[in-house]
Amino acid sequence: MIDWDQEDDILIPDQYNLEYDLVTTEWVIEKVKADKVYAQHLYAAMCNNDFMRNEVWPILTEKKWSCSWRHAGSIIADIRGEGDYMDWYCSGIVDADADQWNILSEDSKKRLLETKAHVTESIVTDEIRKDLFKLGWIVVEDNSTD
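Residues numbered from 1 in each chain as written. Predicted model: local features only at pLDDT ≥ 70, side-chain atom pairs only at ≥ 80, totals over all residues. Heavy atoms only, no water.

Q: Which residues make up the packing of aromatic side chains, and what values do they have?
A: Applying the stated criterion across every chain, the model contains 3 aromatic pairs. With 6.1 Å between their ring centres and 65 degrees between their planes, W69 and Y89 make a pair best called edge-to-face. Of this pair, W69 sits in helix α5 (residues 69-80) while Y89 sits in the loop between α5 and α6 (106-116), placing them 20 residues apart in sequence. Classification of Y89 as partly exposed rests on a relative accessible area of 26%. On the numbers, 6.0 Å between centres and 75 degrees between planes, the contact of Y85 with Y89 is edge-to-face. Here the aromatic residues W69, Y85 and Y89 are joined through ring pairs into a cluster of three or more. (Phe/Tyr/Trp six-rings, centres within 6.5 Å; stacked < 30°, edge-to-face > 60°. Helix = DSSP H or I, 4+ residues; strand = E, 2+ residues; numbered from the N terminus. Buried < 20%, exposed > 50% of the residue type's maximum accessible area, 1.4 Å probe, protein only.)

Q: So, the pattern of salt bridges: which residues are in play, and what are the values?
A: Taken as a whole and judged by the stated rule, the model has 6 salt bridges. Between E82 and R80 there is a salt bridge, with its nearest N and O atoms 3.0 Å apart. In this structure, R129 and E141 form a salt bridge, with 2.9 Å as the shortest nitrogen-oxygen distance. Of this pair, R129 sits in helix α7 (residues 126-135) while E141 sits in the segment after β5 (137-139); the two residues are 12 residues apart in sequence, bridging distant segments of the chain. Take R129: its relative accessible area is 33%, and that puts it in the partly exposed class. Each member of the salt-bridge network shares a partner with another, and the members are D21, R53 and E55. (Salt bridge = Lys/Arg side-chain N within 4 Å of Asp/Glu carboxyl O.)

Q: Any chance you could break down the side chain of D21 for me, citing the residues and the numbers?
A: Within the element layout of this structure, D21 appears in helix α1 (residues 18-24). Excluding residues within four positions of it along the chain, D21 makes contact with R53, L135 and W137. (Contact = heavy atoms within 4.5 Å.)

Q: I'd like a description of the packing of helix α3 (residues 36-46) against α7, backed by residues and values.
A: It is at 10 Å that the axes of α3 and α7 come closest, and there the two elements cross at 75 degrees. Comparing their axes, α7 and α3 come out roughly perpendicular. Every residue of α7 that contacts α3 at Y38, H41, L42 and A45 is listed here: E127, I128, D131 and L132. Residue composition of the contact of α3 with α7, by class: 5 nonpolar, 1 polar and 2 charged. (Axes fitted to C-alpha atoms, helices over the stretch in contact; angles between N-to-C directions. Parallel < 35°, antiparallel > 145°, perpendicular 65-115°, else oblique. Nonpolar A, V, L, I, M, F, W, Y, C, P; charged D, E, K, R; others polar.)

Q: Give me the lowdown on α7, citing residues and values where you can.
A: Taken together, the buried positions of α7 are occupied by I128, D131, L132 and L135. For α7, the angular spread of buried residues about the axis comes to 100 degrees, placing them on one side. Of the exposed residues in α7, those oriented more than 90 degrees away from the buried face are D126, K130, F133 and K134. (Arc of directions from axis to C-beta.)

Q: Please give an account of a nonpolar patch on the surface that cites residues and values.
A: Taken together, the side chains of V56, W57 and L60 present a nonpolar region at the surface, about 400 Å² in accessible area. Mapped onto the secondary structure, L60 falls in helix α4 (residues 56-61). Its relative accessible area of 63% is what places L60 among the exposed residues. (Patch = residues over 30% accessible without salt bridge, like charges linked within 9 Å, V, L, I, M, F, W, Y side chains within 5 Å. Areas by Shrake-Rupley, 256 points an atom, 1.4 Å probe, with all protein chains shown as cover.)

Q: Provide a residue-level description of the environment of V139, including the pertinent values.
A: Note on placement: V139 falls in strand β5. For V139, a relative accessible area of 12% corresponds to the buried category. Considered as a pair, V139 and K64 are 75 residues apart in the sequence and their alpha carbons are 9.5 Å apart. If we skip the residues at most four places from it in the chain, V139 touches N49, D50, F51, V124, R129 and L132.

Okay, here's the thing in structure tokens:
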């Protein structure tokens, strides 16, 4: 559940909280509600990644935002107003058996095709990266060498 600082029941935004920006930005809410594939891509992007406000001070001080896979799923469920984190948790891990395609109902085939459009956790699609940038956030690229 959303747990922002509150003072006298007035929501106080945290300028370094990507979750706050996602759940309070109307065009993001509309996209997440309208398109399950977009919602899954946003969920996947939040997994195993760090994000930073695209501003001088957060970059210089390396002030990052990240969340767990479960919390990412909760954010998407909260925005969509349905289900819970389990509806999204591990949704990027899909391996369907092609031999079973013919026995599926049309509705099941549609759902399966939708899941094939899913990306694995930690993948940031170009559309999500562009939308996050529009919100004022960048994905922190891991430049370390192991």
